[in-house]
Amino acid sequence: MRDALTGTGLLLRLGMRRDCLRMPIWTIAIAAFVPFFFTSLANTAGEDPQGAVDDLAQAQTMLDIFAGPVYGLDSVTLQKYFLMYTQEFLIAAALMSILLVVRHTRGEEQSGRAELVRSAVIGRHAPLTAALLVGVITNTVLAALLFLGALGIGFGAGDAALYGVSIAATGLFFAGVTAVAVQVVESGRTAGGIAGIVLAAASIGRGAAAAQGEDSVALWFSPMAWANLTKPITDPTWWPVLLTVGTGAVFAAVGYALSVRRDVGLGFFAPRRGRVAASRWLSSPFALAVRMQRRTILGWAVAMGLLGMVWGSLVGTVDAIEGSEAMFGTELERGYLSLLGVTQALLVGVFALTSMARARSEEVDGRLDSALGTATGRFAWLGSWTLVTLLGTGLLLLLSGLGLGLAAFGATGHGALLGASVGGVVGRFPELLALIGVSALLYGIGPRWQRLAWVIFGYGVIIRFFGQSLPQAVQQISIFQHIPRMPVEEFSVAPVVYLSVGGLALIGAALFAFRRRDL
């Protein structure tokens, strides 16, 4: 076994050196939301924090579905109510771990560095072990920062430690899941997608189980509920943390077992052989972009449609929840659908950015040179890629709205909700058009700049959901703050026009910038 781990220390130091910027950015950015969320909650509560959180606490069922289970709301404090943000921290820790493990395992193999490294004296388990250790160290740092943040907002030392460790443990669980995914398939993007599907399924399962009550046995089948089940402040218990870490270790062990049963650079299952000759319709750059993204678009379409149906089916329960006016306003059904419409549009924004990011991958991996070596020009190549992203984005918004509206219509029998849901989701397309334009322009300037589009997107998400207490000028910087939250707010033509024109102008500027720069 010692020989199998030979070189682990060297690979660990290499991994830490490569992530010397990513690690502090990820961990500090996540932990910084502890005081941000708490301050936002305190500002929202105003001069009567107890009364404000008591009013919201009456919507216990809805809180549990989206953030729970949330315990201890019978005697509410701001610290207890802060725990409703636990799911946001869990998702962030999970995504961080998924990306780290993919980067240091399958990413190394796809770049060719893994084969070079393995030509030296390196044990067969050393690369995966080093990648998992990078995840352990990063999540440990995150736990420490969350501990300090929780202390700063009034948690006791034991509760703060439990809170930070439970979130980091969930990150380690998904590191283990990703350790299996990277062995099964030979694409890092596909491996990350598989781990992301597990994360999405666990989140949906947690919400469905939480709707059955705080003590539902089904909660124990979702790893996204285990951190909530530690019940910090209310009834602290540590053994769900052990369950999370132990289950993640089991997945990691499966990853080790699979890693020695495949060749470097390949997946556990052999890829399907392609055709000897390409179809005639693939002769254009647009057709090539469609082919390269068709599976991704199909997967997103199924996921967003199903998610819309799940969320829409719950609209019939909104009226029965006491205190739901505090969350959705006086028009409960439309307020609920408008909030979910915004959420679905932002989720589709993740697809839009990842789709545009694949253009960068084509250039970095050297495939762009082959494409441009033919009669295809730069305008046609980037324009086709951007157009496919725009069409895919529009399709996902449409299917999301249809799923939401059809389920809402089935749950309530109100036909007007179908059109309102579709319009509320599809009407946010100009926002994503502007976002795609930003990503395209940054890529046109230079591949390394394209990642800044995620900063703009993240800023918009934070302002949209948690920035109500910030100055209006700060909120208006976000591209997601201009279109009304339909159907509860009236439609406005002006923001649709200037966001659309702005997005198209950015795409035009991206094409010219891409034409002028070196590859």
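Residues numbered from 1 in each chain as written. Predicted model: local features only at pLDDT ≥ 70, side-chain atom pairs only at ≥ 80, totals over all residues. Heavy atoms only, no water.

This part is about the overall build of the protein chain. Across its full length, the protein chain holds 24 helices and 0 strands. Looking at the protein chain as a whole, 49% of its 519 residues are labelled buried. (Helix = DSSP H or I, 4+ residues; strand = E, 2+ residues; numbered from the N terminus. Buried < 20%, exposed > 50% of the residue type's maximum accessible area, 1.4 Å probe, protein only.)

The next point concerns a nonpolar patch on the surface. Where nonpolar side chains cluster on the molecular surface, the patch consists of Val217, Trp220, Phe221, Trp239 and Leu242 and spans about 630 Å² of accessible area. Mapping Phe221 onto the fold places it in the loop between helix H12 (188-210) and helix H13 (223-226). Taking the relative accessible area as the measure of exposure, Phe221 reaches 71% and is therefore exposed. (Patch = residues over 30% accessible without salt bridge, like charges linked within 9 Å, V, L, I, M, F, W, Y side chains within 5 Å. Areas by Shrake-Rupley, 256 points an atom, 1.4 Å probe, with all protein chains shown as cover. Salt bridge = Lys/Arg side-chain N within 4 Å of Asp/Glu carboxyl O.)

Our next topic: the packing of helix H21 (residues 429-445) against helix H24 (residues 493-516). At a minimum axis separation of 8 Å, H21 and H24 run at an interaxial angle of 20°. As the angle between them shows, H21 and H24 are arranged roughly parallel. The element H21 and its partner H24 pack so that their crossing is left-handed. Between H21, through Pro430, Glu431, Leu433, Ala434, Gly437, Val438, Ala440, Leu441, Tyr443, Gly444 and Ile445, and H24, the contact on the second element is made entirely by Val496, Leu499, Ser500, Gly503, Leu504, Leu506, Ile507, Ala509, Ala510, Ala513 and Phe514. (Axes fitted to C-alpha atoms, helices over the stretch in contact; angles between N-to-C directions. Parallel < 35°, antiparallel > 145°, perpendicular 65-115°, else oblique. Left-handed = near helix turned anticlockwise from the far one by under 90°. Contact = heavy atoms within 4.5 Å.)

A word on the packing of aromatic side chains. Applying the stated criterion across every chain yields a total of 19 aromatic pairs. Ring plane angle 75° and centroid distance 6.2 Å describe the contact between Phe89 and Tyr163, whose orientation is recorded as edge-to-face. Remark: Tyr163 occurs in helix H11 (residues 157-184) and Phe89 occurs in helix H7 (residues 86-104); sequence separation between them is 74 residues. Centre to centre, the rings of Trp381 and Trp385 are 5.9 Å apart; their planes meet at 25°, and the pair counts as stacked. (Phe/Tyr/Trp six-rings, centres within 6.5 Å; stacked < 30°, edge-to-face > 60°.)

Next up on the list: the pattern of salt bridges. The final tally for this structure, using the stated rule, is 2 salt bridges. The salt bridge involving Asp19 is made with Arg103; its shortest N-O contact spans 3.0 Å. With Asp19 in the loop between helix H1 (8-18) and helix H2 (22-31) and Arg103 in helix H7, the pair connects residues that are 84 residues apart, well separated along the chain. Here Arg428 and Glu431 are joined by a salt bridge, their closest N and O atoms 2.9 Å apart.

Moving on, we come to unusual backbone geometry. Unusually for a residue other than glycine, Lys231 sits at a positive phi of about 50°. Relative to the assigned elements, Lys231 resides in the loop between H13 and helix H14 (239-259). The phi angle at Ile233 is positive, at roughly 75°, despite the residue not being glycine. Take Ile233: it is sitting in the loop between H13 and H14.

Another point: the nonpolar core. The biggest cluster of nonpolar side chains holds 55 residues, and the ones touching the most others in it are Tyr336, Leu337, Trp381, Leu435, Tyr443 and Phe480. Going through the elements one at a time, helix H15 (285-312), helix H17 (332-364), helix H18 (367-372), helix H19 (378-412), helix H20 (416-426), H21, helix H22 (452-466) and H24 are the ones with two or more residues in this core. At 12 residues, H17 tops the list of elements feeding residues into this core. Excluding residues within four positions of it along the chain, Phe480 makes contact with Leu346, Arg428, Glu431, Leu432, Leu435, Phe457, Gly460, Val461 and Arg464. By size, the runner-up hydrophobic cluster in this structure holds 52 residues, among which are Val102, Leu146, Trp226 and Phe466. (Core = buried A, V, L, I, M, F, W, Y, C linked by side-chain atoms within 4.5 Å.)

Here we come to the side chain of Arg106. Here Arg106 shows up in helix H8 (residues 106-111). Its relative accessible area of 0% is what places Arg106 among the buried residues. A polar side-chain atom of Arg106 sits 2.4 Å from the main-chain carbonyl oxygen of Val182. A distance of 2.8 Å separates the side chain of Arg106 from the backbone oxygen of Val185, its partner in a polar contact. (Polar contact = N/O pair within 3.5 Å; in protein donor to acceptor, adjacent residues only side chain to side chain.)

What follows is about the side chain of Thr129. With respect to the helices, strands and loops of the structure, Thr129 is situated in helix H10 (residues 126-152). For Thr129, a relative accessible area of 12% puts it in the buried group. Setting aside chain neighbours within four positions, we find Thr129 in contact with Leu5, Thr8 and Tyr256.

On to the packing of H1 against H10, then. For the pair H1 and H10, the least separation of the axes is 8 Å and the interaxial angle reads 45°. Our classification of the angle between H1 and H10 gives oblique. Here H1 and H10 pass one another in a crossing that is right-handed. Where H1 abuts H10, its residues Thr8, Leu11, Leu12, Gly15 and Met16 lie against Ala126, Pro127, Thr129, Ala130, Leu133, Val134 and Ile137.

Overall, the prediction assigns the protein chain a mean pLDDT of 82, with 87% of residues at 70 or greater. When mean pLDDT is taken per element in the protein chain, H21 scores highest with 92 and helix H16 (residues 325-328) scores lowest with 52. (pLDDT = per-residue confidence, 0-100.)

Its place among the elements puts Ala513 in helix H24. Distance in space between the C-alpha atoms of Ala513 and Gly444 is 5.0 Å, their sequence separation being 69 residues. Other than its neighbours up to four places away in sequence, Ala513 contacts Gly444 and Ile445.

Inspection of the secondary structure assignment puts Leu398 in helix H19. Setting aside chain neighbours within four positions, we find Leu398 in contact with Val422 and Val426.

Here H11 contains 28 residues, and its C-alpha end-to-end distance of 41 Å stays within 8% of the 40 Å for a straight helix at 1.5 Å per residue. Extensive coverage of H11 is indicated by the burial of 22 of its 28 residues. (Expected span 1.5 Å × (residues − 1).)

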